[in-house]
Amino acid sequence: MCAVFGILGEYDEQKAKKALSLLAHRGPDFCAVVQRKNLFFAHQRLSIIDTSSASNQPLSHEKILLSFNGEIYNFKELREELKGGFDFKTQSEGEVIIAAYVKWGVDFVKHLRGMFAIALLDDETLYLFRDRLGKKPLFYMHDKSFIFASEIKALIPFLQKIEMDEDALLGYLSFLAPAPPFTFFKNIKKLSAGEYLVFKNSNVEIKRYFDLLDVKPNIITNRDEAVFMLEKLLEESIKIRLNADVPMASLLSGGIDSATINAYALKGGVNLQTYTLGYKEFSKYDERQNARESAELLGVKNKQIEISQNEFLEALEKTLDTLDEPLNDPAAVPLYLLFEEIKKDGIKVVLSGEGSDELFLGYRQYFEFLDIQNLTKLKNKNWLSNYFHSNFSQNREWERYKRVFDNTLLFRTSGENFTDLQKNALMRRNVRDNESLKYINSYRERFEASAHTDESIWYSYIDLNLFQAEHFLTKLDRVSMAHSIESRTPFLDHKLASAVFGIDPKLRYEDGVTKSLLKSIAKPHLNEKILSRKKKGFSNPYMEYLVNSKKIELIKEVNKQTGMFKKEALDEQIQKASSGGFKQHIWGLYVLSVWIKKYLL
């Protein structure tokens with residue numbers, strides 16, 4: 001795992017090198033720059049595969065330059081396929097990417113299996129590629145020069161003025177993270193999962209090269225056949241992610257996802273060191289006992305890390321700085337501390353279970369939404385629509401039924417936080433109902449134009465593109481790379497994900513059991529206790545810490561200076577959060593307040 005960075009156009013050498021140094025944590029093993037007039041093309045390397053200096057980047061071939069962040073798991077197979085038409089001089093993945101580009105042009109990206117952010121300069125044309133499911137980030141800005149980077153922090157020095165992007169703010173309040181292409185820094189953009197950018201003759205063009213909805217629906221309608229196929233793909237996905245020339249480990253909770261990864265790793269002959277997090281003062285959030293039982297069943301080593309309120313609070317500022325912009329995920333802080341401990345043990349690669357819930361319907365609310373969705377079939381809904389409009393409530397259930405009776409989009413990601421009406425009640429600006437659809441309309445339009453009609457596919461599709469790619473995967477990438485650790489997510493293999501989209505959707509939910517197909521796959525490897533455990537998630541006592549430390553008061557202090565929110569409404573929400581309600585809403589406002597204080601006040 002590494003960092004890419006580059007400038008096309010005029011630049012100040014000292015400023016460019018200083019900006020590049022801000023990415024050193026992503027690639028501490030080697031740094032190199034190709035530099036000439038109107039070009040600064042750089043790479044920070046974290047050596048995982050072929051740690052020799054021959055694989056250092058940027059790589060060059062004739063008029064081609066490459067800076068690449070990620071892992072291409074099928075690079076050996078591609079190398080074998082391409083060797084007849086390309087004179088390979090290294091064993092690196094990067095050279096395989098160049099050879100693939102030479103043969104297939106921009107379609108080379110369709111041959112890659114892995115996670116990546118790729119910058120490829122062919123003479124005067126620059127291509128930027130973000131992997132299919134958004135595991136690796138890629139940001140850019142275009143002012144007098146075109147600049148790109150793996151993290152926002154390397155682009156901030158080039159802004160003439162720091163201003164907050166209003167679309168990023170509203171998207172963040174709605175969906176926990178800004179929706180592409182927006183970031184909180186006006187004029188800094190990000191690529192979406194499955195997109196690539198072409199910069200030529202000072203023009204920027206964004207194109208899409210992959211979409212899960214391109215998979216033909218209902219290819220498989222038999223449950224046993226689906227389980228058999230998905231089991232093979234999951235086993236293969238885990239196996240290819242066990243290849244590394246450095247020490248590896250795995251996160252282990254008490255749930256099925258991490259246990260399945262470790263079970264298949266063992267089947268492949270790899271016994272991974274596992275890590276679990278616990279909380280000193282709040283045992284109700286603790287998964288250490290369940291993880292210990294899973295480790296004993298599997299026969300893997302388990303190291304348990306305990307953190308306290310003081311440790312959480314001490315790491316809070318560092319974690320939020322690492323993220324660069326507001327991200328409403330309180331699990332980022334304990335995860336940051338966990339990776340800090342993992343690094344001390346010399347681990348450079350960690351496997352994690354992201355994506356399983358979205359693919360296999362692991363959230364109970366998916367089933368609740370499918371049930372409510374049936375109400376759209378009611379022929380006479382006008383009275384109910386009028387009733388709900390006349391009896392406003394901030395309750396989530398009220399909002400769901402109101403949408404059904406209004407014939408508006410019901411499901412808008414599992415990460416939906418503030419509804420538009422909640423924002424309107426809180427903010428000192430007018431927010432129209434359904435205004436937030438602006439940030440997901442392009443996804444919905446693609447869904448409605450596809451051959452897929454089952455709403456559960458929409459749930460998975462929008463969650464993989466936003467809730468995962470811009471929220472969970474953003475968190476995982478930043479906090480792991482802050483400690484120079486590569487994170488791998490076997491459930492988010494594009495072949496596995498595509499296969500799930502190709503089966504009869506009812507096979508995922510018809511029995512009313514969360515992760516039903518995954519449980520069938522894992523049943524031969526895990527006991528019933530693990531398979532039937534209630535999902536706990538990566539929960540933690542963040543609100544208790546925020547209230548006990550009085551850091552929550554920062555929200556009010558910043559609001560006094562900005563006037564962004566109505567004082568009475570804000571006080572009411574803070575009070576509700578202090579007693580257990582609207583917790584993630586208030587955490588999001590706290591993270592936002594920290595960012596505003598740092599960059600705007």
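Our subject is the structure listed above.
Residues numbered from 1 in each chain as written. Predicted model: local features only at pLDDT ≥ 70, side-chain atom pairs only at ≥ 80, totals over all residues. Heavy atoms only, no water.

Q: Please clarify how the overall build of the protein chain should be interpreted in this entry.
A: For the protein chain, the count of helices and strands is 24 helices and 17 strands. For 601 residues, the compact-globule estimate of 2.2 N^0.38 gives 25 Å, and the protein chain sits close to it at 24 Å. At a minimum sequence separation of 6, the contacts of the protein chain that also span at least 24 residues come to 72%. Side-chain charges in the protein chain split into 84 positive and 82 negative, and the spacing between the mean points of these groups amounts to 2 Å. (Helix = DSSP H or I, 4+ residues; strand = E, 2+ residues; numbered from the N terminus. Rg over C-alpha atoms; globule rule 2.2 N^0.38 Å. Contact = heavy atoms within 4.5 Å. Lys, Arg positive; Asp, Glu negative; His and termini not counted. Charge placed at Lys NZ, Arg CZ, Asp CG, Glu CD.)

Q: Would you mind going over the sheet that holds strand β11 (residues 195-200) with me for this structure?
A: Strand-to-strand pairing in sheets goes through backbone hydrogen bonds, with the strands running parallel or antiparallel. Spatially, β4-β5-β6-β7-β11-β12 is the arrangement adopted by the six strands of the open sheet, whose pairing is antiparallel. For this open sheet the edge positions go to β4 (59-61) and β12 (203-208), each flanked by a neighbour on one side alone. Averaged over all adjacent pairs, the angle separating strand axes in this sheet is 20°, with direction ignored. Strand direction decides the pairing type here: strand β5 (residues 64-72) and strand β6 (residues 114-122), joined by nine bridges, are antiparallel. Looking across to β6, one finds that Leu-65 is bridged to Leu-121. (Pairing = 2+ DSSP bridges. Axes fitted to C-alpha atoms, helices over the stretch in contact; angles between N-to-C directions.)

Q: Before we go on, may I ask you to explain the side chain of Asp-420 in this structure?
A: When you line up the elements, Asp-420 lands in helix α14 (residues 420-426). Engagement of the side chain of Asp-420 in a polar contact is seen with the backbone nitrogen of Asn-434, the distance being 2.9 Å. Residue contacts for Asp-420: discarding those within four places in its chain leaves Ser-174, Arg-412, Val-431, Arg-432, Asp-433, Asn-434, Glu-435 and Ser-436. (Polar contact = N/O pair within 3.5 Å; in protein donor to acceptor, adjacent residues only side chain to side chain.)

Q: It is not clear to me how unusual backbone geometry should be interpreted in this structure. Could you clarify?
A: For residues besides glycine, phi is generally negative; the peptide bonds are generally trans as well. In the segment running from Pro-180 into Pro-181, the intervening peptide bond is cis, with an omega of 10°. Position of Pro-181 relative to the elements: it lies in the loop between α4 (166-175) and β10 (189-190). Unusually for a residue other than glycine, Asn-201 sits at a positive phi of about 55°. On the accessibility criterion, Asn-201 (63% relative accessible area) is exposed. A positive phi angle, close to 75°, is found at Asp-324, a residue other than glycine. Structurally, Asp-324 is set in the loop between α8 (309-323) and α9 (332-344). (Buried < 20%, exposed > 50% of the residue type's maximum accessible area, 1.4 Å probe, protein only.)

Q: When you look at the nonpolar core in this model, what are you seeing that I'm missing?
A: Across soluble globular proteins, nonpolar side chains show a tendency to be buried alongside one another. Counting residues in hydrophobic clusters, the biggest one holds 194 residues, and the most contacted among them are Phe-5, Ile-118 and Trp-458. Examining the composition of this core, we find that 12 residues originate from one element, helix α16 (residues 455-481), more than from any other. With residues near it in sequence (within four places) discarded, Phe-5 still touches Ala-16, Ala-19, Leu-20, Leu-23, Phe-40, Phe-41, Ala-42, Ile-147, Phe-148, Ala-149, Ala-154 and Phe-158. (Core = buried A, V, L, I, M, F, W, Y, C linked by side-chain atoms within 4.5 Å.)

Q: What am I meant to see in empty space enclosed by the protein here?
A: Think of a ball as big as a water molecule: rolled over the atoms, this probe shows where empty space is left. The final tally for this structure, using the stated rule, is eight cavities of 30 Å³ or more. In this model, the second largest cavity occupies a volume close to 120 Å³. Residue lining of the second largest cavity: 15 residues in total, with Phe-139, Lys-190, Glu-470, Thr-474 and Arg-478 positioned closest to the centre. The dominant element in the lining of the second largest cavity, judged by the number of residues it contributes, is α16, at three residues. (1 Å grid on protein atoms, 1.4 Å probe; cavity = no way out; pocket = protein on both sides within 12 Å on 5 of 7 lines; lining within 4 Å. Points joined across faces, edges and corners; volume = space filled by probe spheres on them.)

Q: Just to check I follow, could you spell out the packing of helix α11 (residues 364-373) against helix α13 (residues 396-406) for this structure?
A: Packed helices, taken two at a time, are described by their axes: the angle between them and the distance between them. The interhelical angle for the contact between α11 and α13, taken along N-to-C directions, is 35°, at an axis separation of 11 Å. Between α11 and α13 lies a crossing whose hand is right-handed. Taken together, the residues of α13 that come into contact with α11 (itself represented by Gln-365, Glu-368, Phe-369 and Ile-372) are Arg-400, Tyr-401 and Val-404. Residues belonging to the contact of α11 with α13 are distributed by class as follows: four nonpolar, one polar and two charged. (Left-handed = near helix turned anticlockwise from the far one by under 90°. Nonpolar A, V, L, I, M, F, W, Y, C, P; charged D, E, K, R; others polar.)

Q: Please explain helix α22 (residues 553-562) as it appears in this structure.
A: Since there are 3.6 residues in each turn of an α-helix, residues three or four apart along the chain are aligned in direction. When α22 is considered as a whole, its buried residues turn out to be Leu-554, Ile-555, Val-558 and Asn-559. Each buried residue of α22 lies within a common arc of 130° when the element is viewed along its axis, so the set occupies one face. The exposed set on the far side of α22, more than 90 degrees from its buried face, consists of Lys-560 and Gln-561. Packing partners of the buried residues in α22 comprise α23 (567-578) and α24 (583-599). Residue Gly-563 follows α22 closely and has a positive phi angle near 65°. (Arc of directions from axis to C-beta.)

Q: Where do I start with the pattern of salt bridges in this structure?
A: One side chain can pair with another of opposite charge once the charged atoms of both are near each other. Tallied over the entire structure, the rule returns 46 salt bridges. Where Lys-153 meets Glu-151, a salt bridge forms, and the shortest distance between an N and an O atom there is 2.6 Å. Each member of the pair, Lys-153 together with Glu-151, is buried. Across the pair Lys-303 and Asp-345 runs a salt bridge, and its minimum N-O distance is 2.9 Å. One end of the pair, Lys-303, is in strand β15 (residues 302-307); the other, Asp-345, is in the loop between α9 and β16 (349-351), with 42 residues separating them in the sequence. For Asp-345, a relative accessible area of 37% puts it in the partly exposed group. Look at the salt bridges and you will find they share partners, linking Arg-26, Lys-136, Glu-151, Lys-153, Asp-324, Asp-477 and Arg-478 into a network. (Salt bridge = Lys/Arg side-chain N within 4 Å of Asp/Glu carboxyl O.)

Q: Hey, could you run me through helix α3 (residues 93-104) in this one?
A: The end-to-end C-alpha distance of α3, which contains 12 residues, comes to 16 Å, matching closely the 16 Å that a straight helix rising 1.5 Å per residue would cover. The buried fraction of α3 amounts to nine of the 12 residues, a majority that puts the element mostly inside the structure. When α3 is considered as a whole, its buried residues turn out to be Glu-93, Gly-94, Glu-95, Val-96, Ile-97, Ile-98, Ala-99, Ala-100 and Tyr-101. Contacts made by the buried residues of α3 are with β4, β5, α2 (75-82), β6 and β7 (125-130). N-capping of α3 is provided by Ser-92, with a side-chain oxygen placed 3.2 Å from the backbone N of Glu-95. (Expected span 1.5 Å × (residues − 1).)

Q: What is the right way to look at the packing of α8 against α16 in this model?
A: Packing of α8 against α16 leaves a shortest axis separation of 9 Å and a crossing angle of 115°. Relative to α16, the element α8 is oriented roughly perpendicular. α8 and α16 meet at a crossing whose hand is right-handed. Contacts between α8 and α16 involve Thr-319, Thr-322 and Leu-323 from the first element and Lys-475, Arg-478 and Val-479 from the second. Across the contact of α8 with α16, the residue classes break down as two nonpolar, two polar and two charged. (Parallel < 35°, antiparallel > 145°, perpendicular 65-115°, else oblique.)

Q: Just to check I follow, could you spell out the pairing of β11 for this structure?
A: Across a regular strand the side chains alternate sides, sitting on one face of the sheet and then on the other. Counting buried positions along β11 gives five out of six residues, so the element sits mostly inside the fold. As judged from the six bridges shared by β11 and β12, these two strands associate in the antiparallel manner. Considered in β12, the bridge of Lys-200 is made with Asn-203.

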